[in-house]
Amino acid sequence: MRRIEAVLFASASPVPREAFARIVGQGASVDLLIEDLAASFEDRAFEIVSVAGGWMFRTRPSYAPVIHAAADVGEQRIDLSKFDTAVLAAIAYHQPITREGLAGIFGKEISRDLIGRLNAQGLIGTGPRSPKRGAPFTFVTTRRFLEVFGLESLHDLPDREALDDAGLSISE
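This is a predicted model, so every value here is computed, not measured.

## Structural notes on the packing of helix α1 (residues 2–10) against helix α3 (residues 30–40)
Direction vectors running N to C along α1 and α3 enclose 75°, while the axes themselves pass 10 Å from each other. Classified by the interaxial angle, the pair formed by α1 and α3 is roughly perpendicular. Counting all contacts with α1, which are made through R2, I4, E5 and L8, the residues of α3 involved are L33, I34 and L37. Broken down by class, the residue content of the contact of α1 with α3 amounts to 5 nonpolar, no polar and 2 charged.

The structure is reproduced here in structure tokens:
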């Protein structure tokens, strides 16, 4: 268990099951070891979460205001407006999607600047070229997107109807 804890503590990205299996042996149950370790942190300010195909330490969300007030989080902070978040959600649900496809959803042109910012933050990347005339780029979400939003996979995205009810319509 302490080997898993040490690896999680040192890693800046999610650690996959295979990496843990190498350090604890194939006969050990990685899932049970992680469950036991997570249980030992129940009264702590951090937790072990399953994201993007692996596990990582995360500070519990209730401590976010304290961290932002006192710690230098620098590049870790992602500042998204409601519209930025809606565009990101549309990309997640409709990927691969072009800027033209996004414009169809939102009824207005999506700026290259917004796409560039989402790309620079590592939340989206380019997908396959669209088969349309001119072969425009398409956009897809990244592993970093899953990490930032605490998702194991895209299957963990909220139900579309729930987004519509929250005023974040991403339907075409």
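## Details of the pairing of strand β2 (residues 54–59)
Pairing geometry for strand β1 (residues 46–51) and β2, over 6 bridges, is antiparallel. Note that in β2 the partner of F46 across the bridge is T59. Hairpin connection from β1 to β2: 2 residues lie between these consecutive antiparallel strands, with A52 at a positive phi of about 45°.

## Re unusual backbone geometry
Following Q95, the chain continues into P96 via a peptide bond in cis, with omega recorded as -10°. You can see P96 is positioned in the loop between α5 (82–94) and α6 (99–106). In this structure, A52 takes a positive phi of about 45° despite not being glycine. Positioned with a positive phi, A135 is a non-glycine residue whose angle comes to about 45°. Within the secondary structure layout, A135 lies in the loop between β3 (124–126) and β4 (139–141).

## Some remarks on the confidence of the model for the protein
The predicted model of the protein averages 85 in pLDDT, with 92% of residues at 70 or higher. Averaged pLDDT values over the elements of the protein bottom out at 74 in helix α9 (residues 160–165) and peak at 95 in β4.

## Thoughts on the pattern of salt bridges
Close approach of charged atoms allows side chains of opposite charge to pair. Counted under the stated rule, the structure contains 8 salt bridges. A salt bridge links R60 to E47, with the shortest nitrogen-to-oxygen separation between them at 3.0 Å. Placement of the pair is R60 in the loop between β2 and α4 (64–70) and E47 in strand β1, with a sequence separation of 13 residues. Since its relative accessible area comes to 21%, E47 is described here as partly exposed. D113 serves as the salt-bridge partner of R117, at 3.4 Å between the closest nitrogen and oxygen. Taken as a pair, R117 and D113 lie in helix α7 (residues 112–120) at a separation of 4 residues, close to a single helical turn. A network of salt bridges, in which partner residues are shared, links D84, D113 and R117.

Calculation rules
Residues numbered from 1 in each chain as written. Predicted model: local features only at pLDDT ≥ 70, side-chain atom pairs only at ≥ 80, totals over all residues. Heavy atoms only, no water. Axes fitted to C-alpha atoms, helices over the stretch in contact; angles between N-to-C directions. Helix = DSSP H or I, 4+ residues; strand = E, 2+ residues; numbered from the N terminus. Parallel < 35°, antiparallel > 145°, perpendicular 65-115°, else oblique. Contact = heavy atoms within 4.5 Å. Nonpolar A, V, L, I, M, F, W, Y, C, P; charged D, E, K, R; others polar. Pairing = 2+ DSSP bridges. pLDDT = per-residue confidence, 0-100. Salt bridge = Lys/Arg side-chain N within 4 Å of Asp/Glu carboxyl O. Buried < 20%, exposed > 50% of the residue type's maximum accessible area, 1.4 Å probe, protein only.

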